[in-house]
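Spelled out, the chains give:
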Amino acid sequence: MTKTTLVPAGYRSKLNLLETERAIKQVKDYFEKRLSETLNLMRVSAPLIVQSGHGVNDNLNGVERMVSFDALDAQEAPIEIVQSLAKWKRMALAKYGFGLGQGLYTDMNAIRRDEELDNLHSMYVDQWDWEKVIAKGQRSVLTLQEEVRKIYRVLKQTERYVHQQYPSLRPSLPDEIVFITSQELEDLYPDLTPKQREDEAAKEHGAIFVMQIGGALRSGMKHDGRSPDYDDWTLNGDIVLWNPALEMAFEVSSMGIRVDEAALLRQLRLTGDEERKELEYHQAVLNGKVPYTIGGGIGQSRLCMFFLQKAHIGEVQVSVWNDRIMQECREGNIPLL
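How each quantity is defined
- Residues numbered from 1 in each chain as written.
- Predicted model: local features only at pLDDT ≥ 70, side-chain atom pairs only at ≥ 80, totals over all residues.
- Heavy atoms only, no water.
- UniProt positions renumbered as here; feature names shortened; annotations may be inferred.
- 1 Å grid on protein atoms, 1.4 Å probe; cavity = no way out; pocket = protein on both sides within 12 Å on 5 of 7 lines; lining within 4 Å.
- Points joined across faces, edges and corners; volume = space filled by probe spheres on them.
- Nonpolar A, V, L, I, M, F, W, Y, C, P; charged D, E, K, R; others polar.
- Core = buried A, V, L, I, M, F, W, Y, C linked by side-chain atoms within 4.5 Å.
- Buried < 20%, exposed > 50% of the residue type's maximum accessible area, 1.4 Å probe, protein only.
- Helix = DSSP H or I, 4+ residues; strand = E, 2+ residues; numbered from the N terminus.
- Phe/Tyr/Trp six-rings, centres within 6.5 Å; stacked < 30°, edge-to-face > 60°.
- Polar contact = N/O pair within 3.5 Å; in protein donor to acceptor, adjacent residues only side chain to side chain.
- Contact = heavy atoms within 4.5 Å.
- Salt bridge = Lys/Arg side-chain N within 4 Å of Asp/Glu carboxyl O.
- Axes fitted to C-alpha atoms, helices over the stretch in contact; angles between N-to-C directions.
- Parallel < 35°, antiparallel > 145°, perpendicular 65-115°, else oblique.
- Left-handed = near helix turned anticlockwise from the far one by under 90°.

- As recorded in an unreviewed UniProt entry, the chain goes by Aspartate--ammonia ligase and comes from Ectobacillus ponti.
- Comment text from UniProt for the chain, heading Subcellular location (unreviewed entry), reads "Cytoplasm".
- Recorded in UniProt for the chain, the comment headed Sequence similarities (unreviewed entry) runs: "Belongs to the class-II aminoacyl-tRNA synthetase family. AsnA subfamily."

Given below as structure tokens:
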């Protein structure tokens, strides 16, 4: 049977369990403060559960099963645990009256029951979800790249801070992040899978932003799936770092400029989801009831894992793992929380 868990040769965590718990809070507090200052974001409260049928919950790739249940005193519609807050945030910006250049961020906690568990993936997802108001004229690659560079500066600052607190955790990020489209990656590495292409590019550059994810490439294949109704597939991307501990590409953020009216209709046609146009969220976009925005999610456990140089996401969050993964981690000296 193929192993689920990748164990680096001779792996030993550089921090013990107590040091790890202390460091997790330090990383989260430092990064959150710098991110909110750099992007001009205000923290708001966010839902763990939403009512189904409004189009607010994230459909991800459209095939994942949501965790849903009925409630004793809210029987009008099933209740769903969020998969992410990509659409909720845009509606919140309108509801709260955020102005141009202002934004929000929140702690997003989700359950993704169909996640395939491994070193990087857990059923429990924790992110900083953020969203900011932009003008229609700012819906451009230039705006996208500017915000990516801001986030990357915060990543570099956090890496330096962690090294100051724990000198054994040496920095590895390059000075600059490199921008590359998913089509350019396919052209460079036509015989590799999308994940292998990211591995090659991340290893070469140290940090990349893979742009234009969701639509079909010239080969007819997609680099990766994206829901058709929040990111504009021509103006989105992933921040991917080279992870020296695991020797692989390591995605820490998915983000993008959100759909306008035309992009929403175009992408719904491409995926055959035009019936969604009648849902509350989609009507808000089509009728100009929500602002034009840019936003994304930044993995909290992913960042802690990267900066604390851990081999498994279970070393920085508490989740549920199957017996095989737990045994592989014990044999590989990977201490799960």
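Some details on empty space enclosed by the protein
Part 1 of the reasoning: Scanning the entire structure with this criterion turns up one cavity of 30 Å³ or more.
Part 2 of the reasoning: Counted as a void, the largest cavity has a volume near 100 Å³.
Part 3 of the reasoning: Lining the largest cavity we find 13 residues, and of these Glu159, Arg170, Phe306, Phe307 and Gln309 sit closest to its centre.
Part 4 of the reasoning: When grouped by side-chain class, the residues that make up the lining of the largest cavity number eight nonpolar, three polar and two charged.

Structural notes on the nonpolar core
Part 1 of the reasoning: Trp130, Phe209, Ile239, Met255 and Leu308 are the most contacted members of the largest nonpolar core, which has 56 residues in total.
Part 2 of the reasoning: Of all the elements, helix 3 (residues 141–165) adds the most residues to this core, at eight residues.
Part 3 of the reasoning: Membership of the second largest hydrophobic core comes to 13 residues, among which are Val44, Val50, Leu93 and Ala110.

Description of the packing of aromatic side chains
Part 1 of the reasoning: The tally for this structure, following the rule as stated, stands at six aromatic pairs.
Part 2 of the reasoning: An angle of 50° between the planes, with centres 6.4 Å apart, marks the rings of tyrosine 96 and phenylalanine 98 as tilted.
Part 3 of the reasoning: According to the relative accessible area criterion, phenylalanine 98 is buried, its value standing at 16%.
Part 4 of the reasoning: A ring pair is formed by phenylalanine 306 and phenylalanine 307, whose centres lie 5.5 Å apart and whose planes are at 80°; its orientation type is edge-to-face. Considered together, phenylalanine 306 and phenylalanine 307 belong to a single accessibility category, that of buried residues.
Part 5 of the reasoning: One aromatic cluster in this structure is built from Phe250, Phe306 and Phe307.

Some points on unusual backbone geometry
Glycine aside, negative phi is the norm for most residues, and most peptide bonds take the trans geometry.
Part 1 of the reasoning: In this structure, glutamine 212 takes a positive phi of about 65° despite not being glycine.
Part 2 of the reasoning: For glutamine 212, the location among the structural elements is in the loop between strand 8 (207–211) and strand 9 (231–243).
Part 3 of the reasoning: Even without being glycine, glutamine 309 reaches a positive phi, approximately 55°.
Part 4 of the reasoning: As for its placement among the helices and strands, glutamine 309 is situated in the loop between helix 8 (300–307) and helix 9 (323–331).
Part 5 of the reasoning: For glutamine 309, a relative accessible area of 18% translates into the label buried.

Observations concerning the side chain of aspartate 273
Part 1 of the reasoning: Among the secondary structure elements, aspartate 273 is positioned in the loop between helix 6 (261–271) and helix 7 (280–286).
Part 2 of the reasoning: Within the local environment of aspartate 273, its side chain forms a polar contact with the side chain of threonine 271, the two groups lying 2.8 Å apart.
Part 3 of the reasoning: When sequence neighbours within four positions are dropped, the list of residues in contact with aspartate 273 reads Pro228 and Leu268.

Side note on the pattern of salt bridges
Part 1 of the reasoning: Tallying each qualifying case throughout the model produces 24 salt bridges.
Part 2 of the reasoning: Close ionic contact of aspartate 175 with lysine 156 constitutes a salt bridge, the shortest N to O distance being 3.7 Å. Residue aspartate 175 is located in the loop between helix 3 and strand 7 (178–181), and its partner lysine 156 is located in helix 3; the two are separated by 19 residues in the primary sequence.
Part 3 of the reasoning: On the basis of relative accessible area, aspartate 175 is assigned to the exposed category, the value being 63%.
Part 4 of the reasoning: Residue class for lysine 156 comes out buried when judged on its relative accessible area of 13%.
Part 5 of the reasoning: Where arginine 226 meets aspartate 238, a salt bridge forms, and the shortest distance between an N and an O atom there is 2.4 Å.

Some points on the layout of surface pockets
Part 1 of the reasoning: Taken as a whole, the second largest pocket encloses approximately 220 Å³ of empty space.
Part 2 of the reasoning: Lining the second largest pocket, in full, are Ser182, Gln183, Gln212, Gly215, Ala216, Leu217, Arg218, Trp233, Thr234, Arg266, Gln267 and Leu270.
Part 3 of the reasoning: Where the lining of the second largest pocket is concerned, the elements lending two or more residues are helix 4 (182–188), strand 9 and helix 6.
Part 4 of the reasoning: Looking at the lining of the second largest pocket, its residues break down into four nonpolar, six polar and two charged.

A word on the packing of helix 3 against helix 8
Part 1 of the reasoning: The geometry of helix 3 relative to helix 8 is characterised by a closest axis approach of 10 Å and an angle of 50° between their N-to-C directions. By the criterion of interaxial angle, the relationship of helix 3 to helix 8 is oblique. Considering the relative orientation of helix 3 and helix 8, their crossing is right-handed. Within the contact between the two elements, helix 3 uses Leu155, Thr158, Glu159 and Val162 and helix 8 uses Leu303, Phe306 and Phe307.
Part 2 of the reasoning: Partitioning the contact of helix 3 with helix 8 into residue classes produces five nonpolar, one polar and one charged.

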